[in-house]
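Geometric and topological summary
Residue-level listing of the chains:
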Amino acid sequence: MFILILGAPGAGKGTQGEILQRRLGVPKITTGDILRAAVKAQTPLGVQAKKFMDEGKLVPDTLILDLIRQELAKPEAREGAVFDGFPRTAAQAQLVDKILAERGQRLNHILLLDVSEEELLRRVLGRALEQGRSDDSPEVIRTRLAVYQRDTAPLIAHYAQRGIVHRVPGTGGVEQIAEEIRRIIGR
Ligand code: ADP
């Protein structure tokens, strides 16, 4: 089963993805984590990605498409995965669709975590104090929210045509949201 968790920065994708991954026994693929590790290790990808990430902009598809290909080709992702943080652009979505279709698979569910902009800002600013991520300054957070609205939110319409988008209220307790997701996907 392939599941995409979609939502703005701060919507809780990581938290719910973690719970889902454990419950379904499939890997969670998180492009943000992979990129942060690449930046830290100063790999060629990391060196190129860093300035986009620090500015809250998307890392260009020219760099991300290969990353997605590699992650989906891993044996542990053969039967299913939870996607967290990608696809984030139309080109990424097309690639994911194509790779899965070639394997006779498809995205089964899109879980759209719905949180108000005010709450998102509050959460991400709070997280900034705890984790000190370099892209968590108020200005950069605003850019990330705007980039989400411009580049990623349009994917909702793309997938909605297939009837696989489920809107999940992203406020309420972590357990309550996880339960709602369990109800939606039926496991
Ligand atoms: P958030 O959703 O909280 O903004 P992420 O950890 O998903 O955080 O992403 C952090 C940054 O990593 C993004 O602002 C972007 O620069 C980069 N990034 C992560 N995933 C992608 C992706 N699929 N395509 C392009 N850039 C990405």
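The following paragraphs examine the structure supplied in this document. Quick caveat: nothing in here was measured; it's all calculated off a predicted structure. (Residues numbered from 1 in each chain as written. Predicted model: local features only at pLDDT ≥ 70, side-chain atom pairs only at ≥ 80, totals over all residues. Heavy atoms only, no water.)

Moving on to the overall build of the protein chain. Counting secondary structure elements, the protein chain contains nine helices and five strands. What you see in the protein chain, going N to C, is helices and strands ordered as β-α-β-α-α-α-β-α-β-α-α-α-β-α. Since a compact globule built from 187 residues should have a radius of gyration of about 16 Å, the 16 Å found for the protein chain is in line with a globular shape. Taken along the three principal axes of its C-alpha coordinates, the protein chain extends 40 × 40 × 30 Å. Here the protein chain, with 187 residues, has 46% of them falling under the buried criterion. Summarising the internal contacts of the protein chain: among those between residues at least 6 apart in sequence, 74% fall at separations of at least 24. For the protein chain, the distance from the average site of its 28 positive side-chain charges to the average site of its 24 negative ones is 2 Å. (Helix = DSSP H or I, 4+ residues; strand = E, 2+ residues; numbered from the N terminus. Rg over C-alpha atoms; globule rule 2.2 N^0.38 Å. Buried < 20%, exposed > 50% of the residue type's maximum accessible area, 1.4 Å probe, protein only. Contact = heavy atoms within 4.5 Å. Lys, Arg positive; Asp, Glu negative; His and termini not counted. Charge placed at Lys NZ, Arg CZ, Asp CG, Glu CD.)

Formed by 52 residues in total, the largest nonpolar core has its most connected members in Leu-20, Phe-83, Leu-107, Leu-111 and Tyr-159. The element best represented in this core is helix H4 (residues 61-73), accounting for six residues. Excluding its chain neighbours within four sequence positions, the residues that come into contact with Leu-20 are Ile-3, Ile-5, Gly-25, Val-82, Leu-111, Ile-181 and Ile-185. (Core = buried A, V, L, I, M, F, W, Y, C linked by side-chain atoms within 4.5 Å.)

Let's shift gears to the site of the ligand. Residues in contact with the ligand amount to 19 residues; listed here are only the nearest, Thr-31, Arg-36, Lys-57, Gln-92 and Arg-144. Contacts to the ligand include Arg-36, whose side-chain N or O atom sits 2.9 Å from an oxygen atom. One nitrogen or oxygen atom from the main chain of Lys-57 is found 2.6 Å from an oxygen atom belonging to the ligand. Protein contacts shield 96% of the accessible area of the ligand, which totals 540 Å² for the unbound molecule. Here the shell around the ligand gets four residues from one element, more than from any other, and that element is helix H2 (residues 31-41). Within the shell around the ligand, the residues separate by chemical class into seven nonpolar, four polar and eight charged. (Near = heavy atom within 4 Å. Polar contact = N/O pair within 3.5 Å; in protein donor to acceptor, adjacent residues only side chain to side chain. Areas by Shrake-Rupley, 256 points an atom, 1.4 Å probe, with all protein chains shown as cover. Nonpolar A, V, L, I, M, F, W, Y, C, P; charged D, E, K, R; others polar.)

On to the pattern of salt bridges. Tallied over the full model, the rule gives 18 salt bridges. Between Arg-162 and Asp-97 there is a salt bridge; the shortest N-O distance is 2.6 Å. Placement of Arg-162 in the loop between helix H8 (154-160) and strand E5 (165-169) and of Asp-97 in helix H5 (residues 90-102) is noted, with a sequence separation of 65 residues between them. Looking at Arg-162, the relative accessible area reads 39%, which means it is partly exposed. Measuring nitrogen to oxygen at the nearest pair gives 2.9 Å for the salt bridge that ties Arg-182 to Glu-179. Pair noted here: Arg-182 and Glu-179 are both in helix H9 (residues 174-185), with a separation of three residues, about one helical turn. Relative accessible area serves as the criterion here: at 34%, Arg-182 is assigned to the partly exposed category. Taken together, the shared-partner salt bridges connect Arg-127, Asp-135, Asp-136 and Arg-144 into one network. (Salt bridge = Lys/Arg side-chain N within 4 Å of Asp/Glu carboxyl O.)

For the rest of this paragraph, the subject is the environment of Gln-105. Within the secondary structure layout, Gln-105 lies in the loop between H5 and strand E4 (107-114). Spatially, the C-alpha atoms of Gln-105 and Arg-78 are 9.6 Å apart, while their sequence positions differ by 27 residues. The residues touching Gln-105, leaving out its near neighbours within four places in the chain, are Phe-2, Arg-78, Glu-79 and Leu-100. Engagement of the side chain of Gln-105 in a polar contact is seen with the backbone oxygen of Arg-78, the distance being 2.7 Å.

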